[in-house]
Amino acid sequence: MDTESRATIQEDLDVFDISEELGFIQKEPLTDLPDYYQVWLDLAFNLPHLIESGKLRDLVHKMPVLSTDFLGNHRELVLAHVALGSISMGYVWQEGQHAPAQILPKALAWPFSIVSCKLGLPSILTYADTVLANWKLKDPAGNMELGNLDLIVSFPGGESTRGFFLVSLLVEMAASSGIMGALEVMRAMEMSHLVGVRNGLAKVTQSLKKMKETFKLMHKHVDPTLFHGKLRIFMSGWRDNPILPRGLVYEGVSHEPILLSGSSAAQSSTIQCFDALLGVKHESESGAYLTRMRDYMPSGHRQLIEYLACSSLRDFVLSHSSSDLCQAYNSSVSALVELRNYHLNIVTKYIVVPGNRARSIGCPFRGTGTALNTTGTGGSHLMVFLKEVRKNTQKAHIVDDICVEQT
């Protein structure tokens with residue numbers, strides 16, 4: 001890549017708030033706030049114990065309503081959002097599906113609403129909170145690998161909870177080279193540089209394959225029963241949720257219940273970026289849902305999806321009689337289909353099977369039980385949605401004479 005192109009892509013990285021090494025992952029998230037907010041951190045850093053001992057709600061009721069004026073920069077706002085969002089999830093779901101809170105106390109709701117407004121995020125724990133900004137290195141001089149990673153804020157579920165979020169983090173890291181490839185494709189298209197487009201697509205394909213391989217770590221580090229019975233309820237929101245069908249009242253913010261979706265992989269900007277670049281069309285309910293999930297992403301990441309959606313890459317490929325270019329495009333589509341196939345397998349193992357087992361024997365935990373067997377934490381009809389987006393991805397393949405070798 002020449003110096004001018006490198007400088008242009010660096011500008012893109014700054015505008016879209018991403019990095020070449022980490023993609024959408026936040027660099028070196030803060031683990032501390034000014035002393036004024038110690039009460040938030042004391043609760044957030046001890047959530048598993050406070051939830052399982054049933055003490056969290058009582059402690060929240062004793063919390064003062066703190067001003068957000070002493071949060072001095074963006075990174076402090078991000079940690080505050082992680083902390084307040086996590087405490088809120090613990091508060092609402094402390095007693096599991098049978099006794100969810102109906103009202104979020106003002107000591108949580110008021111500062112959470114202000115912090116969220118400043119960040120351009122909803123007042124609920126998001127994927128960006130639980131994965132992109134919820135990690136730290138045990139040894140600051142070491143590498144970002146599973147053995148040297150830990151969570152800033154956790155939930156009940158022990159090592160399975162840690163494994164779920166950190167494997168998700170590593171999947172995001174595996175995507176970083178593909179995001180760079182997507183930006184290279186965009187720049188190469190502007191110059192009608194076919195080799196550059198093809199090379200960028202090769203990075204996308206390899207990145208998608210690496211994401212799938214990294215995804216396999218779930219099997220080693222996450223127990224399906226613990227994930228379903230302990231952790232999943234705390235990712236559940238209050239929109240399209242049969243447990244909280246009317247939503248949640250935010251005391252001091254709104255007299256009417258607010259409807260918000262819980263943390264979901266659909267809130268990951270990564271896959272939506274690849275969809276946008278490759279021209280994968282999601283229409284009807286799945287398209288509307290994915291578009292809505294962008295409201296739960298950091299603003300720069302949303303802007304990148306919108307930028308890539310203007311690429312018309314598929315039309316570009318069709319307009320050039322190049323079998324190499326067509327095959328490079330189809331290889332990326334195939335790799336995205338395979339990743340979605342694998343996601344379906346993971347969902348079956350970690351949600352459908354343990355959910356059916358819980359229904360047959362009775363839920364052994366206070367967690368989700370059978371209430372969300374078919375509904376995602378973001379509110380989608382889980383398997384129907386996943387199969388539909390996989391089908392839509394398959395349709396993006398180019399079947400044309402120029403593609404002499406279909407991938």
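Residues numbered from 1 in each chain as written. Predicted model: local features only at pLDDT ≥ 70, side-chain atom pairs only at ≥ 80, totals over all residues. Heavy atoms only, no water.

Novice: Could you give me a rundown of the packing of helix α8 (residues 158-174) against helix α12 (residues 224-231), with the residues and numbers involved?
Specialist: It is at 9 Å that the axes of α8 and α12 come closest, and there the two elements cross at 95°. In terms of orientation, α8 and α12 fall into the roughly perpendicular class. Every residue of α12 that contacts α8 at Ser 160, Thr 161, Phe 164 and Phe 165 is listed here: Leu 226, Phe 227 and Leu 231. Residue classes in the contact of α8 with α12 are distributed as five nonpolar, two polar and no charged. (Axes fitted to C-alpha atoms, helices over the stretch in contact; angles between N-to-C directions. Helix = DSSP H or I, 4+ residues; strand = E, 2+ residues; numbered from the N terminus. Parallel < 35°, antiparallel > 145°, perpendicular 65-115°, else oblique. Contact = heavy atoms within 4.5 Å. Nonpolar A, V, L, I, M, F, W, Y, C, P; charged D, E, K, R; others polar.)

Novice: Tell me what's going on with a nonpolar patch on the surface, and back it up with residues and numbers.
Specialist: A contiguous nonpolar surface patch, about 240 Å² in accessible area, is contributed by Val 65, Trp 110 and Val 253. Counting through the fold element by element, Val 253 comes out in the loop between β4 (249-250) and α13 (269-278). Overall, the relative accessible area of 34% leaves Val 253 in the partly exposed class. (Patch = residues over 30% accessible without salt bridge, like charges linked within 9 Å, V, L, I, M, F, W, Y side chains within 5 Å. Areas by Shrake-Rupley, 256 points an atom, 1.4 Å probe, with all protein chains shown as cover. Salt bridge = Lys/Arg side-chain N within 4 Å of Asp/Glu carboxyl O. Buried < 20%, exposed > 50% of the residue type's maximum accessible area, 1.4 Å probe, protein only.)

Novice: Break down the packing of aromatic side chains for me, citing the residues and quoting the values.
Specialist: What characterises a pair of aromatic rings is the spacing of the ring centres plus the angle enclosed by the ring planes. Taken as a whole and assessed by the stated rule, the structure comprises ten aromatic pairs. Pairing Phe 155 with Phe 234 gives two aromatic rings, centres 5.6 Å apart and planes at 20°, and the pair type is stacked. Here the residue Phe 155 occupies a position in the loop between β3 (149-151) and α8, and Phe 234 occupies one in the loop between α12 and β4, the gap between them amounting to 79 residues. Like Phe 155, the residue Phe 234 is buried in the burial classification. With a centroid separation of 5.8 Å and an interplanar angle of 55°, the aromatic rings of Phe 215 and Tyr 342 are classed as tilted. Separated by 127 residues along the polypeptide, Phe 215 in helix α10 (residues 194-215) and Tyr 342 in helix α17 (residues 323-361) bring together distant segments of the chain. (Phe/Tyr/Trp six-rings, centres within 6.5 Å; stacked < 30°, edge-to-face > 60°.)

Novice: Residues and numbers for the nonpolar core, please.
Specialist: Ranked by size, the top nonpolar core spans 133 residues in total, and within it Phe 155, Trp 238 and Leu 313 carry the most contacts. No other element matches the 15 residues that α17 contributes to this core. Other than its neighbours up to four places away in sequence, Trp 238 contacts Met 89, Val 92, Trp 93, Ile 124, Leu 244, Gly 247, Leu 248, Tyr 250, Ile 258, Leu 259 and Leu 260. (Core = buried A, V, L, I, M, F, W, Y, C linked by side-chain atoms within 4.5 Å.)

Novice: Any details on the pattern of salt bridges? Residues and values, ideally.
Specialist: Taken as a whole and judged by the stated rule, the model has eleven salt bridges. The partner of Glu 159 in a salt bridge is Arg 162, and the shortest N-O contact between them spans 3.5 Å. Linking Glu 159 with Arg 162, this pair stays in helix α8, spanning three residues, or about one helical turn. For Arg 162, a relative accessible area of 13% corresponds to the buried category. Between Arg 340 and Asp 275 there is a salt bridge, and its shortest N-O distance comes to 2.8 Å. With Arg 340 in helix α17 and Asp 275 in helix α13, the pair connects residues that are 65 residues apart, well separated along the chain. Overall, Asp 275 belongs to the buried group, its relative accessible area being 4%. One salt-bridge network, in which partners are shared between bridges, spans Asp 12, Arg 187 and Glu 190.

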